[in-house]
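# Per-entry structural report
So the chains spell out like this:
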Amino acid sequence: MAFSSSIVITGGFGALGSAIGIAAAQAGARVCLIGHGAAPAAATLPANVLCIGGVDLTDTQAANAALQQAAQAFGGVDALVNVAGGFQWQTTSGDAFDAWDRMYSMNLKTAVVASRAALPWLRQRPAARIVNVGAMAALSATAGMGAYAASKAGVIKLTEALAAELADEGINVNAVLPSIIDTPQNRRDMPDADTRNWVRAQDLARVVLFFLGPDSAAVTGAALPVTLGPRAAR
């Protein structure tokens, strides 16, 4: 896939989604950012970026409509990046069911619904791609991380299943597994944390672009850890 392609990014208005979108647009792609909230001002983004706000990605009809709008605007869709999600710390002895339901909906259901909405368009393109954003917590959960880690583990299994289902159709499906991402929200939530090894959004975006590009043509079903902070760029 060349970066003259059309890429849809869910969770596109957040720190990571916008970083991936800007990186892809600067590389020449046409980018559609889909978000649950209000779309950012067009003047703050490159000219080849379309924003669709107010989309509930747990709703099949809403997701289908957003993907159709993107496909009509760009003449098709070459890739989907599932960034939409969130985090909630909750021990099992607390209000566990609320946390489990919320994390499932935000982190896993959105990826399933968006992928299903994108597939009719992806199947029309050669070398189409899906990239899912998982988390290192899916491999090793700590106290209070059960609901979040389980939902992100589901993202890994979704990636593996989709990769197997779509292999004969030429659609590669991979996932990135970041550790803590250096975002304004995470800094607010953890003001005393050592941020030196937090993964920068722009560095994670480069890994996502690798999975979107031709150099990853032989890779599908992978879940790649992304765990180094600014020292990785030295």
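Keep in mind that this is a model prediction, so the values were computed, not measured.

Reading the values: rules and limits
- Each chain carries its own residue numbering, running from 1 in the written order of its sequence.
- Local features in a predicted model are, by the rule used here, given only for residues with pLDDT of at least 70; side-chain atom pairs are given and counted only at 80 or more, and totals for whole chains, interfaces and linings are based on all residues.
- Each side-chain value is worked out from all heavy atoms of the structure, with water and hydrogens disregarded.
- A strand pair is defined by DSSP finding two or more bridges across the two strands.
- In this text, helices come from DSSP runs of H or I with a minimum length of four residues, and strands from runs of E with a minimum of two, each type numbered from the N-terminal end.
- Angles run from 0 to 180 degrees between N-to-C directions of axes, and those axes are lines fitted to C-alpha atoms, restricted for helices to the stretch in contact.
- For this analysis, residues touch if any pair of their heavy atoms sits within 4.5 Å.
- By definition here, a helix of n residues has an expected span of 1.5 Å times n minus one.
- Relative accessibility thresholds used throughout: buried, under 20% of the residue-type maximum; exposed, over 50%; partly exposed, between the two (1.4 Å probe, protein chains only).

Before going further, it helps to spend a moment on the sheet that holds strand β1 (residues 6–10). Reading across the sheet, the 7 strands line up as β3-β2-β1-β4-β5-β6-β9 and stay open at both edges, with parallel pairing between neighbours. The outermost strands of the open sheet, each flanked by one partner alone, are β3 (49–52) and β9 (223–226). Strand-to-strand twist across the sheet, computed as the mean angle between neighbouring axes with direction ignored, equals 20°. Relative to β9, strand β6 (residues 172–178) runs parallel, the two being bridged by 4 bridges. What sits directly across from L177, in β9, is P225. Contacting β1, β2 (30–34), β3, β4 (79–82) and β5 (129–133), helix α1 (residues 15–26) crosses the sheet at an angle of about 170° to β2. Each of β1, β4, β5, β6 and β9 is contacted by helix α6 (residues 201–212), which is oriented at about 165° to β6, the strand it contacts most.

Attention now moves to α6. Counting along an α-helix, one turn takes 3.6 residues, and residues three or four places apart therefore face a common direction. Here α6 spans 16 Å end to end across 12 residues, near enough to the 16 Å set by a 1.5 Å rise per residue. The element α6 is largely enclosed, with a buried count of 9 among its 12 residues. Considered for burial, the residues of α6 that qualify are A201, D203, L204, A205, V207, V208, L209, F211 and L212.

These figures come from the coordinates and say nothing about function on their own.
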